[in-house]
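# Fold and geometry: a report
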Amino acid sequence: VQLQASGGGLVQAGGSLRLSCAVSGSIFSIRDMGWYRQAPGKQRSLVATITSGAHTNYADSVKGRFTIFRDNAKNTVYLQMNSLKPEDTAVYYCDADVSDTGRDFNNYWGQGTLVTVSS
């Protein structure tokens, strides 16, 4: 199983970006999916998660600005980021709980995509 994250880049404060994370490989089912970020000198922290039933959870710092959604047919999770702030600058990582048999789930991580927000 592989997760391929994309969509990062340089954007001015107030701008928008959409991140994508496609899951490929031996997939029977995908449970929870999520986005995390790690700013320079800081620990990785949760940004948003979404369950297989589309229930979402957000960090307080991004509520009202970011939206997580998924396309189950494409095994892809997205993060729409609006009203970006310089403090959103970080490497963004996606993760997913994947089962190849329908029984046990394992957690997988993408490689990270850099988002830089200039002031």
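Up top you'll find the structure we're talking about.
Right, let's walk through the structure included here. (Residues numbered from 1 in each chain as written. Predicted model: local features only at pLDDT ≥ 70, side-chain atom pairs only at ≥ 80, totals over all residues. Heavy atoms only, no water.)

### A look at the pairing of strand 5 (residues 45-50)
Relative to strand 5, strand 4 (residues 29-38) runs antiparallel, the two being bridged by 5 bridges. Looking at the pairing, Y36 lines up with L46 of strand 5. From the end of strand 4 to the start of strand 5, which pair antiparallel, there are 6 residues, and G41 there has a positive phi angle of about 80 degrees. As paired strands, strand 5 and strand 6 (residues 56-58) are joined by 3 bridges and run antiparallel to one another. Pairing of I50 across the sheet is with T56, part of strand 6. (Pairing = 2+ DSSP bridges. Helix = DSSP H or I, 4+ residues; strand = E, 2+ residues; numbered from the N terminus.)

### Some thoughts on the sheet that holds strand 1 (residues 2-6)
Within a beta sheet, neighbouring strands are joined by backbone hydrogen bonds and run either parallel or antiparallel to one another. Ordered in space as 1-3-8-7, the 4 strands form an open sheet in which the pairing is antiparallel. What marks the edges here is a single partner per strand, and that holds for strand 1 and strand 7 (66-71). Averaged over all adjacent pairs, the angle separating strand axes in this sheet is 15 degrees, with direction ignored. By the bridge criterion, 5 bridges tie strand 1 to strand 3 (residues 17-24) in an arrangement that is antiparallel. Looking at the pairing, L3 lines up with V23 of strand 3. (Axes fitted to C-alpha atoms, helices over the stretch in contact; angles between N-to-C directions.)

### Points about the packing of aromatic side chains
Per the counting criterion, the structure on display carries 2 aromatic pairs. A ring pair is formed by F69 and Y78, whose centres lie 4.9 Å apart and whose planes are at 20 degrees; its orientation type is stacked. Given a relative accessible area of 15%, Y78 falls into the buried group. Taking the ring centre of F105 as reference, the NZ or CZ of R31 above it sits at 4.2 Å. Seen from the ring of W109, R44 lies directly overhead, with NZ or CZ sitting 4.8 Å from the centre. (Phe/Tyr/Trp six-rings, centres within 6.5 Å; stacked < 30°, edge-to-face > 60°. Buried < 20%, exposed > 50% of the residue type's maximum accessible area, 1.4 Å probe, protein only. Lys NZ or Arg CZ within 6 Å of the ring centre and 35° of its normal.)

### As for the nonpolar core
One finds W35, V47, F66, I68, L79, M81 and Y92 to be the most contacted residues of the largest nonpolar core, which totals 29 residues. If you list the elements that add at least two residues to this core, you get strand 1, strand 3, strand 4, strand 5, strand 7, strand 8 (76-81), strand 9 (90-99) and strand 11 (113-118). Looking at which element gives the most residues to this core, the answer is strand 9, with 5 residues. (Core = buried A, V, L, I, M, F, W, Y, C linked by side-chain atoms within 4.5 Å.)

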